[in-house]
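# Geometric and topological summary
The residues making up each chain are set out below.
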Amino acid sequence: MSTTFEIKVPDIGNVHDVDVVAVEVQTGDVIEVDQTLITLETDKASMDVPASVAGTVQQVHLKVGDKVNEGSLIVTVLVSDEAAAPAPAAESTPAPAPVEEVKAVEVVAPKPAAPEIPPAPLSKGGEAKGKAHASPAVRLFARELGVDISQISQGNGRKGRILKDDVKAYVKKALTEGITVTGGAALPKIAVPDFTAFGEIEVQPLSKINKLTGQHMTSVWLNLPMVTYHDEADITDMEAFRVALNSEKNNTVKYTGLLFIMKALAAAMQQFPRFNSSLSSDGQSLIFKKYLNIGIAVDTPNGLVVPVVRDVPSKSIKQLALEISEKSEKARAGKLTAADMQGGCMSISSLGGIGGKAFTPIVNAPEVAILGVTKSSMQPVWNGKEFEPRLMLPLDLTYDHRVIDGAEGARFMEALKYYLGDVRRLLV
Ligand code: CAO
């Protein structure tokens, strides 16, 4: 003979309309006493509601997303009379112990990632069913830290349940032992939803250059404390000279502002040698370079590449013009060799041919600084008596703050402006 038992939500304290965030059983499941039936979550705590009797689930009366109160019916269970005899009445189910405290902010904060954390799959054959025993809130916490929760074999909660503290301990261990968490840094991952839910899409693989640049930029972003300093150089006279050079009879070369900027940058680097240095890999010393090569960021159909122009101080503007034109053509044809892109001391990223007022370029480490350039424009500049129209060039200097202080960065920029303000100074 069998008897039907109803298991209801027990006394859960003075809270109402509590969310059901996981349903752990389905019709036909054979359950044991203390087996988790559902998980409830408020903004302060997450709690499991265990079975008070063993038997076969006849009907599940709740689903994820329902709101419940004390006394809400969870499941009806068919219990054999033998088993039922010692079992306590459903109504006397003990109040579930909160399995862990979850601060409100930690539950509320991840809302935008909602498409990534559908509650249902977590309870039914999802990420770690059978491997990791943890509440949705703890799984979410683990995901935010980039932890694959299945890597935590045993938790300190009831019946080995993984708690938030277990996740923290795992991350701490990973950091102190220098191992990586989920194949990368211990960083929260960015949720990528299924975009087809919103419309048509097309997937294109990244080029090899895109991937390499992405990896390098990410590692620079994570390793270097960078500061970007913005200013403008008065290039009115330089521009007049440049235009004159271009219009000279028999001229076969295209002189752009970039060439003068390269020369001015080299002169400033010679004046401030820390800009021509790199930190040693142990971070304990500075390596000063006695050579001076400048990398130029070139935009190509396959992505960004940075060919290096060697020994800039010894080259004329004309030589630089020829070399830049040859290197950028080679870059766009995908014909640069690895050697063409090695040995840079500082880089220039010039977007001036396109536009812009300012941006924050990322240092091409192990270099310690990069110069960004955007489009020059005529500005009214006060000369002490009146406003004068002057051609102003926006400059953005990003530097590694471990090597270069703010004051040195500002002095470097002043030197750069000094040379660009009158390029004859480069001859002195
Ligand atoms: N202000 C105003 N005009 C500018 C300028 C500036 N700062 N810089 C260039 N120009 C003008 C040039 O004078 C030229 O004008 P004309 O066609 O009338 O003669 C035009 O813009 C195009 O210049 P250019 O781009 O051919 O030549 P360049 O020497 O300035 O730059 C190169 C060469 C290879 C740096 C550039 O072609 C390039 O690829 N830039 C993109 C770099 C990049 O992607 N950086 C981002 C890296 S970080 O994500």
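Scroll up for the structure.
Everything in this summary refers to the structure shown in the same document. In this text the structure is predicted, and so the values were computed from the model without any measurement. (Residues numbered from 1 in each chain as written. Predicted model: local features only at pLDDT ≥ 70, side-chain atom pairs only at ≥ 80, totals over all residues. Heavy atoms only, no water.)

This next bit is on the site of the ligand. The ligand sits among 21 residues. The nearest are Thr256, Arg332, Ser349, Thr374 and Ser376. Note that an oxygen atom of the ligand is positioned 2.7 Å from one of the side-chain N or O atoms of Thr256. The separation between a nitrogen atom of the ligand and a polar main-chain atom of Ser376 is 2.9 Å. Notes on the ligand: free accessible area 970 Å², of which the protein chains cover 67%. Sorting the residues of the shell around the ligand by element identifies strand E14 (298-300), helix H9 (317-332) and strand E17 (346-350) as the ones contributing at least two each. Within the shell around the ligand, the residues separate by chemical class into eight nonpolar, eight polar and five charged. (Near = heavy atom within 4 Å. Polar contact = N/O pair within 3.5 Å; in protein donor to acceptor, adjacent residues only side chain to side chain. Areas by Shrake-Rupley, 256 points an atom, 1.4 Å probe, with all protein chains shown as cover. Helix = DSSP H or I, 4+ residues; strand = E, 2+ residues; numbered from the N terminus. Nonpolar A, V, L, I, M, F, W, Y, C, P; charged D, E, K, R; others polar.)

With that settled, the discussion passes to the environment of Asp66. When you line up the elements, Asp66 lands in the loop between strand E6 (55-60) and strand E7 (67-68). In this structure the C-alpha to C-alpha distance between Asp66 and Ala22, which are 44 residues apart in sequence, comes to 9.9 Å. Among all residues touching Asp66, those that are not within four sequence positions of it are Val18, Asp19, Val20 and His61. Reaching out from Asp66, the side chain makes a polar contact with the backbone nitrogen of Lys63 at a distance of 3.0 Å. (Contact = heavy atoms within 4.5 Å.)

Moving on, we come to the packing of helix H8 (residues 257-271) against helix H10 (residues 406-421). Put simply, H8 and H10 touch, their axes get as near as 9 Å, and they point 135° apart. In terms of axis orientation, H8 runs oblique to H10. Crossing angle aside, the handedness with which H8 passes H10 is right-handed. Residue-level contacts link Phe260, Ile261, Ala264, Leu265, Ala267, Ala268, Met269 and Gln271 of H8 to Phe412, Ala415, Leu416, Tyr419 and Leu420 of H10. Looking at the contact of H8 with H10 residue by residue, the classes come out as 12 nonpolar, one polar and no charged. (Axes fitted to C-alpha atoms, helices over the stretch in contact; angles between N-to-C directions. Parallel < 35°, antiparallel > 145°, perpendicular 65-115°, else oblique. Left-handed = near helix turned anticlockwise from the far one by under 90°.)

The subject of this paragraph is H8. Under the 1.5 Å per step criterion, the end-to-end length of H8 is 21 Å for 15 residues, consistent within 8% with the ideal 21 Å. The element H8 is largely enclosed, with a buried count of 13 among its 15 residues. (Expected span 1.5 Å × (residues − 1). Buried < 20%, exposed > 50% of the residue type's maximum accessible area, 1.4 Å probe, protein only.)

Here the focus is unusual backbone geometry. Omega for the peptide link from Ala365 to Pro366 comes to 15°, which places this bond in the cis form. The phi torsion at Asp34 lies on the positive side, around 80°, for a residue other than glycine. Positionally, Asp34 belongs in the loop between strand E3 (30-31) and strand E4 (36-41). Here Asp34 falls in the partly exposed class, since its relative accessible area comes to 38%.

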